[in-house]
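Here is how the chains run, residue by residue.
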Amino acid sequence: METRKIEFLVQPGYLLVKRPDNYEVVPSEQPHFLETVADHCAKAGCRKVLIIGRGTKVNLGTADIFKLGEAVAKLGLRIALVERDDAAAQEREFLENVATNRGSPLRFFESDVAAKEWLGVE
């Protein structure tokens with residue numbers, strides 16, 4: 001994964017992650033991506049993350065989504081995603097449930113305004 005194409009911007013109270021257009025989510029790259037997010041959050045002293053992307057391509061099977069949800073939960077972060085992706089609604093809901101049920105709330109939103117409201121940031 002080319003994390004240099006991803007922008008990590010510390011905002012008041014949260015980390016803003018801007019994925020490039022047509023970013024591809026693949027299983028082998030997610031551990032590094034999550035580690036990078038966690039590092040930025042630790043340096044900024046925040047536990048909230050807003051991930052934004054357009055045209056995101058999701059190449060994850062059911063087992064991959066489960067593993068991703070578990071990995072997200074281990075970070076202990078609150079994550080809001082505002083992405084236009086090719087994932088099915090059931091896949092998004094499954095990821096939300098796996099992460100949230102293990103202690104890290106994660107939700108998908110249609111707008112950054114709604115996502116920020118859920119995160120409790122401006």
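For the structure itself, look to the data block above.
Thresholds, definitions, all that
- Along each chain, numbering runs from 1 in the same order as the chain's sequence is written.
- Totals for whole chains, interfaces and linings use every residue, but because this is a predicted model, local features are given only for residues with pLDDT of at least 70 and side-chain atom pairs only at 80 or more, for both listing and counting.
- For the side-chain quantities, the full set of heavy atoms in the structure was used; hydrogens and water were omitted.
- By definition, any uninterrupted DSSP run of H or I lasting at least four residues is a helix, any uninterrupted run of E lasting at least two residues is a strand, and each is numbered from the N terminus.
- Throughout this description, a polar contact denotes any pair of N or O atoms lying within 3.5 Å of each other; where both atoms belong to protein, one of them has to be capable of donating a hydrogen while the other can accept it, and for residues adjacent in sequence the pair is counted only when both atoms sit in side chains.
- Any two residues whose heavy atoms approach within 4.5 Å are treated as being in contact.
- Axis definition: a line fit to C-alpha positions, over the contact stretch in the case of helices; interaxial angles, taken between N-to-C directions, run 0 to 180 degrees.
- Any angle from 65 to 115 degrees is called roughly perpendicular, while one under 35 is roughly parallel, one over 145 is roughly antiparallel, and all others are oblique.
- A clockwise turn of the near helix away from the far one marks a right-handed crossing, whereas an anticlockwise turn of less than a right angle marks a left-handed crossing.
- Classes in brief: Ala, Val, Leu, Ile, Met, Phe, Trp, Tyr, Cys and Pro nonpolar; Asp, Glu, Lys and Arg charged; the others, Gly included, polar.

(A) Structural view of the side chain of Glu83. Turning to its location among the elements, Glu83 is positioned in strand E5 (residues 78-85). A polar side-chain atom of Glu83 sits 2.8 Å from a polar atom in the side chain of Arg19. Here Glu83 is in contact with Arg19, Ile51, Ile52, Gly53, Thr56 and Phe109, once residues within four sequence places are set aside.

(B) A look at the packing of helix H1 (residues 30-44) against helix H2 (residues 62-75). At their nearest, the axes of H1 and H2 sit 11 Å apart, and the two run at 20 degrees to each other. Comparing the axis directions of H1 and H2 gives the class roughly parallel. Like other packed secondary-structure pairs, H1 and H2 cross with a definite hand, here right-handed. For the pair formed by H1 and H2, the contact residues are Gln30, Leu34 and Ala38 on the first element and Leu68, Ala71, Val72 and Leu75 on the second. Taken together, the residues of the contact of H1 with H2 break down into six nonpolar, one polar and no charged.

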